[in-house]
Amino acid sequence: MSRKTIVIVVLLAVFSLGVIIAGQVFWVRKAYGIQERQFNDHVRLALTNVVEEILIMNKDSAVTEPVVQKESNFFVANINDTPSPFLLEKLIKDEFERYNLTEDFEYGIYDCFTDSIVFASRVSYAVDDKVVKPERVSITSKFEQDGHYFGVLFPNKTTIILKQLDFWMYSSIVIFLIVIFFSYTIFVILRHKRLSDVKTDFINNMTHELKTPISTIGLSAEALLNPNIAGEPSRLTQYVNIIKNENQRLRSQVDKVLQIATLTPKKVQVKMEKINLHDIIGKASSAFKLALQEDGGEINVTLNAGNPYINGDLVHITNVIYNLIDNARKYTEDIPQIKIETSNENGQVVVKVIDNGVGIAQSHLGMIFDKFYRVPTGNLHNVKGFGLGLFYVNTIMKAHKARIHVESKIGKGSTFTLRFKSAE
Ligand code: ADP
C-alpha cells in the first residue's frame, strides 16, 4: 500500500469513527432527554393526583400550583395542611405505581406552623432495605419554602433513567467495541507500514554495504583468471589477500547483523561483576581520541561520580559506551566536540554522552532504538550502519535493568543519558 493510500484510509477511518461516536452520543442524549421528560411528567401527574386526593379528604379548596419541580430530582407538592405520614406514603405509592414508578424515593413533610420538617422517610423497593431511618434521608436539607407542603426526592434518578435506556446502553457497548476494533486495525496498519518501511530501508542499506566488497572480490577473481598473473607472484598474492580480507569483512558484517538482530534482553548472556565505569570511559575515549583529532575534533571527559562502580558485564557495557561515542562521531557534520560526563544521583551512576552533531528530529526519537531503524536521509548513504547500534545498546541496558534516555535538537546535537544502579 502506498503512503498516500494509507493516509487516506486512516483519515477516512478516523472520520467514520468520529461520525459514529458523535451520532451515538447525539442519539443517547436525545433518548435520555425524552425519557427524563416522560419521567418528570409522570411524577408531576402522580403528585398532582395525590394533592387532589388530600384536598378532597380535607375538604380544602384547590391550590394554584400543586406541584413544582425544584430540582432535576426534587419535587414539591403544595397542600393546605399537614397530612399523616402513613396516609401520604400510601397515596404516593399508589399513584406512582399507576405510572409504573416503582423506584426508591424519599419524602418529607414540612409544617409551616412549627417551621420544621415533621416527618421524612425513604421508600425502598429493594428486598432487604425496607425502612431507612429518617436521619439518613437526604431530603431534610432541601426544604426552604413557605406554607404546608411535602417534598419527594429521587436519589437515584439518573440511574433510573439510564436503566430505561437499555437498548442505547447495549448499542453503545457494541459501538465502543467496534471503535476499539477499528482503532486497533488502524494501529496494526500503521505498524505494518512502518515495519515494511524499515525492512525496505534495511535491504537497501544492506545491498549498498555489501555491494562494494562483492564487486572488489569479483574484480580480484577476474584478475586472477588472467593467464599472465602466474608469472607475477607478488600481484597474485596481492589479489588473493584482497579476496581474503574482503571475504572476512563480509563475514564479520553478516555475523554482526545476525547476532544483534536476534538479540533480546533475556537472551543476552551477561557475566555480572563489579566494574568501574570510569575505567571503561577512559579506555573508550583514548581509543577515539586519535581519530577525532584527525578530524580536528576532541573528546572531553568529566568524571564527577564519586562512586563509578556498577554491577555489569564488562564486554557489553564497554560496547555500549563505544557505540554511543562512535555514533556521536558518525552523526556530526561539523568538527566533533564530544563530552562524556559522569555523576552520582539517587543511588545511580549517570553517564552522559553529549555531541554537537546533526541531532535527531522529535518524530524519530521514539524509534531510534528499534531494530534496523535509521533516521531516513533520502538516498544518501554517507554514514554507514545497519540501524542496529542503538538497538544493541538498548537491549544491553534492559538486560542490566538500567535505563537509557535521549534528548536531541536538530542541528544542535544529542545527549544520551545512561542510568545504572550503583554497586556498593
Ligand atoms: P546506525 O548503524 O545506523 O548508526 P544506530 O542504531 O546506532 O544505527 O542508530 C540509529 C539511528 O539513530 C541512526 O541511523 C541515526 O540516524 C540516529 N542516531 C544515532 N545516534 C545519533 C547521534 N548521536 N546523533 C544523531 N543521530 C543519531
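Each chain carries its own residue numbering, running from 1 in the direction its sequence is written. Only residues with pLDDT of at least 70 get local features here, since the model is predicted, and only at 80 or more are side-chain atom pairs given and counted; chain-wide, interface and lining totals rely on the full set of residues. With hydrogens and water excluded, all non-hydrogen atoms of the structure serve as input to the side-chain values.

Peer 1: Which residues make up the pairing of strand β12 (residues 403–409), and what are the values?
Peer 2: Along β12, the buried face is formed by I404, V406 and S408; none of R403, H405, E407 and K409, which line the opposite face, is buried. DSSP-based pairing: two strands are paired if at least 2 bridges between them are found. Secondary structure counts use DSSP, requiring at least four H or I residues in a row for a helix and at least two E residues in a row for a strand, with both numbered from the N terminus. Pairing between β12 and strand β13 (residues 413–421): seven bridges, direction antiparallel. The partner of R403 across the bridge, within β13, is R419. Classification of residues uses two cut-offs on accessible area relative to the type maximum, computed with a 1.4 Å probe and protein chains only: under 20% is buried, over 50% is exposed, and between them is partly exposed.

Peer 1: Account for the pairing of strand β1 (residues 67–71), with residues named and values stated.
Peer 2: The sheet contact formed by β1 and strand β2 (residues 74–78) spans four bridges and is antiparallel. Residue pairing for β2: Q69 is matched across the bridge by F75. In this structure, the hairpin formed by β1 and β2 is closed by a connection of two residues.

Peer 1: Give a detailed account of a nonpolar patch on the surface, specifying residues and quantitative values.
Peer 2: Residues Y170, I173, F176, L177 and I180 make up a contiguous nonpolar surface patch of about 560 Å² in total accessible area. Mapped onto the elements of the fold, I173 is located in helix α4 (residues 166–225). By relative accessible area, which is 47% here, I173 ends up partly exposed. Here a patch means residues that are over 30% exposed by relative accessible area and free of salt bridges, tied together within 9 Å if like-charged and within 5 Å if nonpolar (Val, Leu, Ile, Met, Phe, Trp, Tyr). Note on areas: Shrake-Rupley, 1.4 Å probe, and residue coverage restricted to the protein chains presented here. The term salt bridge refers to a side-chain nitrogen of Lys or Arg lying within 4 Å of a carboxyl oxygen of Asp or Glu.

Peer 1: Lay out unusual backbone geometry in plain terms, naming residues and giving numbers.
Peer 2: Non-glycine residue N100 carries a positive phi angle of around 60 degrees. Locating N100 in the fold gives a position in the loop between α2 (85–98) and β3 (105–111). For N100, a relative accessible area of 66% translates into the label exposed. One non-glycine residue, F372, lies in the positive phi region at around 70 degrees.

Peer 1: Go over the site of the ligand with me, naming the residues and quoting the values.
Peer 2: Definition of nearness: a residue and a molecule or strand are near each other if at least one heavy atom of the residue lies within 4 Å of the molecule or strand. The immediate surroundings of the ligand are formed by 20 residues, with N327, Y331, D355, R374 and L390 found nearest. Any pair of nitrogen or oxygen atoms within 3.5 Å is treated as a polar contact; in protein, a donor-acceptor pairing is required on top of that, and neighbouring residues in sequence qualify only through side-chain atoms on both sides. With respect to the ligand, the side chain of Y331 contributes an N or O atom lying 2.5 Å from an oxygen atom. Contact between the ligand and L390: an oxygen atom at 2.7 Å from a main-chain N or O atom of the residue. Summarising the interface, the protein chains cover 96% of the accessible area of the ligand, which totals 530 Å² for the free molecule. Looking at the shell around the ligand, the elements with two or more residues in it are α7 (314–330), α9 (389–399) and β13. For the shell around the ligand, the element with the most residues is α7, which contributes three residues. Amino acids outside the nonpolar list (Ala, Val, Leu, Ile, Met, Phe, Trp, Tyr, Cys, Pro) and the charged list (Asp, Glu, Lys, Arg) are all regarded as polar, and Gly is one of them. Classifying every residue of the shell around the ligand by side-chain character gives 11 nonpolar, six polar and three charged.

Peer 1: Summarise the nonpolar core; cite the residues concerned and give the values.
Peer 2: The nonpolar side chains of a soluble globular protein tend to be buried with one another. The criterion is simple. A nonpolar core is a set of buried Ala, Val, Leu, Ile, Met, Phe, Trp, Tyr and Cys residues joined through side-chain atoms within 4.5 Å. Ranked by size, the top nonpolar core spans 53 residues in total, and within it I368, F416, L418 and F420 carry the most contacts. Per-element tally for this core: the top contributor is α9, with seven residues. Residue contacts are defined here by distance: any two heavy atoms, one from each residue, within 4.5 Å place the two residues in contact. Excluding its chain neighbours within four sequence positions, the residues that come into contact with L418 are V320, I321, L324, V349, V350, V351, M397, R403 and I404. Counting 28 residues, the second-largest nonpolar core is a separate cluster that includes V50, L88, I109 and V123.

Peer 1: Tell me about the packing of aromatic side chains, and name the residues and values.
Peer 2: Pairing of aromatic rings covers Phe, Tyr and Trp, the last counted by its six-membered ring, and requires centre-to-centre distances within 6.5 Å; plane angles under 30 degrees mean stacked, over 60 mean edge-to-face, and any other angle means tilted. Using the criterion set out here, one finds 14 aromatic pairs in the structure. Taking the centre distance of 6.3 Å and the plane angle of 85 degrees together, the rings of F75 and F154 count as edge-to-face. Of the two residues, F75 is situated in strand β2 and F154 in the loop between β6 (149–153) and α3 (157–164); the sequence distance between them amounts to 79 residues. Both residues of the pair, F75 and F154, count as buried. Ring centres 4.9 Å apart and planes at 25 degrees place the aromatic pair Y110 and Y149 in the stacked group. Note that Y110 is positioned in strand β3 and Y149 in strand β6, a separation of 39 residues in sequence. Grouping aromatic residues by their ring pairs yields a cluster made of F39, F75, F96, F105, Y107, F119 and F154. Here, over-ring charges are defined by two tests on the NZ atom of lysine or the CZ atom of arginine: distance to the ring centre within 6 Å, and angle to the ring normal within 35 degrees. One cation-aromatic arrangement involves K274 over Y309; the distance from NZ or CZ to the ring centre is 5.0 Å.

Peer 1: Describe the sheet that holds β13, naming the residues involved and giving the relevant values.
Peer 2: Strands sit in the order β8-β10-β11-β13-β12 across an open sheet of five strands; the sheet is mixed. Each of the sheet's edge strands pairs with one partner strand only, and the pair in question is β8 (298–303) and β12. Each neighbouring strand pair of the sheet contributes to a mean axis angle of 15 degrees, computed without reference to strand direction. Direction of pairing for β8 relative to strand β10 (residues 337–345): parallel, over a ladder of six bridges. Residue pairing in the sheet places T302 in a bridge with E341 of β10. In this fold α7 packs onto β8, β10, β11 (348–354) and β13, with an angle of close to 170 degrees to the strand it touches most, β13. Convention adopted: a line fitted to C-alpha atoms gives each axis, helices being fitted over their contacting stretch, and angles between N-to-C directions are expressed from 0 to 180 degrees.

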